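These are the residues of each chain, in order.
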Amino acid sequence: MQMQQQQTPVDNGVNVDALMGAREVLRDAPAAAQFTWRAECEWMGGVHSRSTVRGFYGLGEEQAHDKIFTVDADHPPQFAASDNGATPVEIVLSALASCLSAGVASVAQNRGIQLHSVKATVEGDMDIYGILGVDADVRNGFSAVRVNFDINADASQDEIAAVVSQSQKRSAVFDIITNPGNVKVTVS
Amino acid sequence: MKHITTVIIGAGHSGLAMSRELSLRGVDHVVLERGQIANSWKTQRWDSLHLLTPNWMNGLPGMSYCGADKDAYMSVSRLVSEIHRFADYHQTPVQTETTVLAIDPLGDGYRVQTDQGAITCQSVVMANGACAQPAIPSFAVELPRYIRQLTPLSYKRPNDLPGGKALVVGASASGLQLAQEIQASGRQVTLAVGNHVRLPRRYRRADILHWLDTLGLSEIPFDQMDDIDRVRRTPSPGLVAEHQLDLNTLTEIGVEIAGRLEMIRDETALFSGSLENKCAAADLKMNRLLQTIDDWIASEGFEEFFPPSQRFAATRVPDRPRLQLNFAKERFESVIWATGFRPDFNWLNLPVFDRKARLQHHGGLVAQGLYVMGLPYLRQRKSTFIAGASEDAHALAAHLRCNLDQRLVA
């Protein structure tokens, strides 16, 4: 592990000691490491919906967020909609950027790298022939996703690149987007 | 029932090295071998394989390599004859065609059940190899039935494969080497690439493994490594004897590079979209090592004796790596699982495995009187090199002898 000797301790606002401690404790408690994340989504009319996030399951019991969060999703006027929120695909892009940014902060903290600013720009290309059902050979989702990080930190270019690389390696959303997974949808 | 002080399992380079160390220490023992001496080297390696280590790293105990071709890389068949020569010279007590069926604790020793009868002993050394079984993902069963599946243990030569396209899974040394020779045989290869370690064969005029040795990186003891479990799981570097071999050299000869193979669904292989990061991570890690070498040369004041520092071209990743492959539509006929190996200790009836059934050990010491050899980073990085096995045998034999003495006193 590379730890740089510095005048002031590195502080990216991430409690790496707590995370590393949890990793050690959970290593011998695989059941506590089983989490289930949840959201409820209610149709608000048109193509507008509101998701609510209250709690999740983890560490062997039900857990609650400190407060309840809501996320509105809608579509812009170009899709003949009322634009009450970001589109679901934009929320996915935001989730990817947020997940990678959290990883950048954590990995940098762990490696003793002080961050001054981190800005991610995310783009996803989509041929809407897919969702419109015009061409069966075109997929619904993104044909390409690009993330660019602009990072100001007390580290070399290669060290910053290594932090960004490691954050991808440990990112849940990066994995969710890059790898196939099974989704089961039921009706009650 | 037969009794002997120590049973060694496996008559490969590790087991024979241990036998010599025990003979020097007056420990009576037998080496049990399921087949013939150097069995897996003889029967489970492909024809063109040469060792990845230069010959000076391939010495068996007491036979350190000093031939004219000390910087060459010996073929596996040459290694097999060296191992035979060693066994003949030392008259190693090998009992061939003897398969171990079970090992159970018995008193303060062990009972070794074989298909040729049972043996009781004070100590056991498991030197049956890190590559006993191919580690094949469980979704391999989803492959269409007409696909010919091989592993580096069963593959011999490209012309044994059907004539159609081939998917090689895994980009460590075996995956890169097999992709290269299968592509060269006229079969179009797609290579699935996950986490991998990139190393140049040579850097600043010396073999890269020579550099690791010079910098002391081959012999950092296991108990001084941060997170030794992770180190032991790190894939082996993509190297081939003699030449430069990496994803770029494969791209140049027409091999198609894809992401990690994640699953097979509807007779279609699905690849990860993470290829670019896997390659970027491998490039960054390689460059860190090259920088360490550069720093050492500079700090020793040796700049004038070596060619200048250089950096290799970044791994070229296709603009849009493929995400799926339909075996039937694209006429793929074979899959080679170069996805790593697992040792086989199925017959060991002791609670010495972790929750993923991996053997737990401390530098080769598994339990009182029970030792293992030949696993990745057993005691140091070079534990997997032929000469490294000799050093491990030396250390573990000393421990084993000391343990016997203590028990006699007690």
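Just so it is clear, the structure is predicted and the values come from calculations on it, not from any experiment.

So, on to the overall build of chain A. A count of helices and strands for chain A gives 5 helices and 5 strands. Element order for chain A, N to C, with α for helix and β for strand: α-β-β-β-α-β-α-β-α-α. Expressed as lengths along the three principal axes of its C-alpha atoms, the size of chain A is roughly 60 × 40 × 30 Å. For chain A, long-range pairs separated by at least 24 residues make up 52% of all intrachain contacts whose partners lie at least 6 apart in sequence. For chain A, the accessible surface area stands at approximately 12700 Å², while carbon and sulfur atoms represent 53% of it. Here chain A holds 13 positive side-chain charges and 23 negative ones, and the gap between their average locations is 5 Å.

So, on to the side chain of Thr268 of chain B. All names here are of chain B. By the secondary structure assignment, Thr268 is in strand 17 (residues 268-271). Judged by its relative accessible area of 9%, Thr268 is buried. Within the local environment of Thr268, its side chain forms a polar contact with the side chain of Asn326, the two groups lying 3.2 Å apart.

On to the sheet that holds strand 3 (residues 61-73) of chain A. Residue and element names in this part refer to chain A. The strand order across the open sheet built from 3 strands is 1-2-3, with neighbouring strands paired in antiparallel fashion. At either end of the open sheet lies a strand with only one pairing partner, and these are strand 1 (40-45) and strand 3. Put simply, the sheet's adjacent strands are angled 15° from each other on average, direction ignored. The pairing of strand 1 with strand 2 (residues 48-58) spans 5 bridges and is antiparallel. Its bridge partner being in strand 2, Gly45 is matched across the sheet by His48.

Now for the pattern of salt bridges. Opposite charge on two side chains permits them to pair, given that their charged atoms come into close proximity. All names here are of chain B. Tallying each qualifying case throughout the model produces 29 salt bridges over all chains. For Glu262, the salt bridge identified is with Arg260, shortest N-O distance 3.3 Å. Judged by relative accessible area, which is 41%, Arg260 ranks as partly exposed. Counted as one network, the salt bridges with shared partners bring together Asp69, Arg78, Glu82 and Arg85.

What follows covers the sheet that holds strand 9 (residues 165-169) of chain B. Residue and element names in this part refer to chain B. What the 5 strands build is an open sheet, ordered 8-19-9-10-15; its pairing is parallel. Two strands lie at the open edges of the sheet, namely strand 8 (148-150) and strand 15 (256-258), each paired on one side alone. Between one strand axis and the next, the sheet turns by 20° as a mean value, whatever way the strands run. Of the pairings in the sheet, the one linking strand 9 to strand 10 (residues 189-192) comprises 4 bridges and is parallel in character. Along strand 10, the bridge assignment pairs Leu167 with Thr190.

The next subject is a nonpolar patch on the surface. On the surface, a nonpolar cluster with roughly 580 Å² of combined accessible area is contributed by Phe79, Ile128, Tyr129, Ile131, Leu132 and Val134 of chain A. Looking at Leu132 of chain A, the relative accessible area reads 56%, which means it is exposed.

Let's shift gears to helix 4 (residues 173-184) of chain B. Residue and element names in this part refer to chain B. Helix length check: helix 4 (12 residues) gives 17 Å between terminal C-alpha atoms against 16 Å at 1.5 Å per residue, within 8%. Of all 12 residues in helix 4, 10 are buried; the element is thus mostly enclosed. At its buried positions, helix 4 is contacted by strand 9, strand 10, strand 14 (237-238), helix 7 (247-252) and strand 19 (332-337). Two residues or fewer past helix 4, Gly186 is found with a positive phi of approximately 100°.

So, on to a positive patch on the surface. A cluster of basic side chains, namely Lys169 and Arg170 of chain A together with Arg233, Lys285, Arg288, Arg355, Lys356 and Arg381 of chain B, defines a positive patch on the protein surface. Relative to the helices and strands, Lys285 of chain B resides in helix 8 (residues 275-300).

All names here are of chain B. The phi angle at Asp227 is positive, at roughly 55°, despite the residue not being glycine. Mapped onto the fold, Asp227 is located in the loop between helix 5 (208-214) and helix 6 (228-233). The partly exposed category is assigned to Asp227, whose relative accessible area is 29%. With phi around 55°, Asp266 is a residue other than glycine that occupies positive phi space. Looking at where Asp266 falls in the secondary structure, it is placed in the loop between strand 16 (261-265) and strand 17. Overall, the relative accessible area of 69% leaves Asp266 in the exposed class.

The next thing to look at is the state of the cysteines. Per the stated rule, a full pass over the model turns up 0 disulfides over all chains. As a non-bridged cysteine, Cys121 of chain B has Cys402 of chain B as the owner of its nearest cysteine sulfur, 18 Å distant.

So, on to the domain arrangement of chain A. All names here are of chain A. Its domain assignment divides chain A into domain 1 (31-85) and domain 2 (87-179). If you average the C-alpha positions of domain 1 and of domain 2, the two centres end up 20 Å apart. Contact with domain 1, which involves 8 residues of that partner, is made by 4 residues of domain 2. Contact between domain 1 and domain 2 buries roughly 390 Å² in total, counting both sides, with carbon and sulfur atoms accounting for 83%. Ranking the residues of domain 1 by area buried against domain 2 places Ala73, His75 and Phe79 at the top, with a combined share of 58%. At the boundary of domain 1 and domain 2, one finds 0 residue pairs in polar contact (both at pLDDT 80 or more). Residue composition of the side of domain 1 that touches domain 2, grouped by class: 4 nonpolar, 2 polar and 2 charged.

What counts as what
- Residues numbered from 1 in each chain as written.
- Chains lettered and ligands numbered in written order.
- Predicted model: local features only at pLDDT ≥ 70, side-chain atom pairs only at ≥ 80, totals over all residues.
- Heavy atoms only, no water.
- Helix = DSSP H or I, 4+ residues; strand = E, 2+ residues; numbered from the N terminus.
- Contact = heavy atoms within 4.5 Å.
- Areas by Shrake-Rupley, 256 points an atom, 1.4 Å probe, with all protein chains shown as cover.
- Lys, Arg positive; Asp, Glu negative; His and termini not counted.
- Charge placed at Lys NZ, Arg CZ, Asp CG, Glu CD.
- Buried < 20%, exposed > 50% of the residue type's maximum accessible area, 1.4 Å probe, protein only.
- Polar contact = N/O pair within 3.5 Å; in protein donor to acceptor, adjacent residues only side chain to side chain.
- Pairing = 2+ DSSP bridges.
- Axes fitted to C-alpha atoms, helices over the stretch in contact; angles between N-to-C directions.
- Salt bridge = Lys/Arg side-chain N within 4 Å of Asp/Glu carboxyl O.
- Patch = residues over 30% accessible without salt bridge, like charges linked within 9 Å, V, L, I, M, F, W, Y side chains within 5 Å.
- Expected span 1.5 Å × (residues − 1).
- Disulfide = S-S within 2.5 Å.
- Domains from an automatic or database assignment.
- Buried area = accessible area lost by both parts, 1.4 Å probe.
- Nonpolar A, V, L, I, M, F, W, Y, C, P; charged D, E, K, R; others polar.

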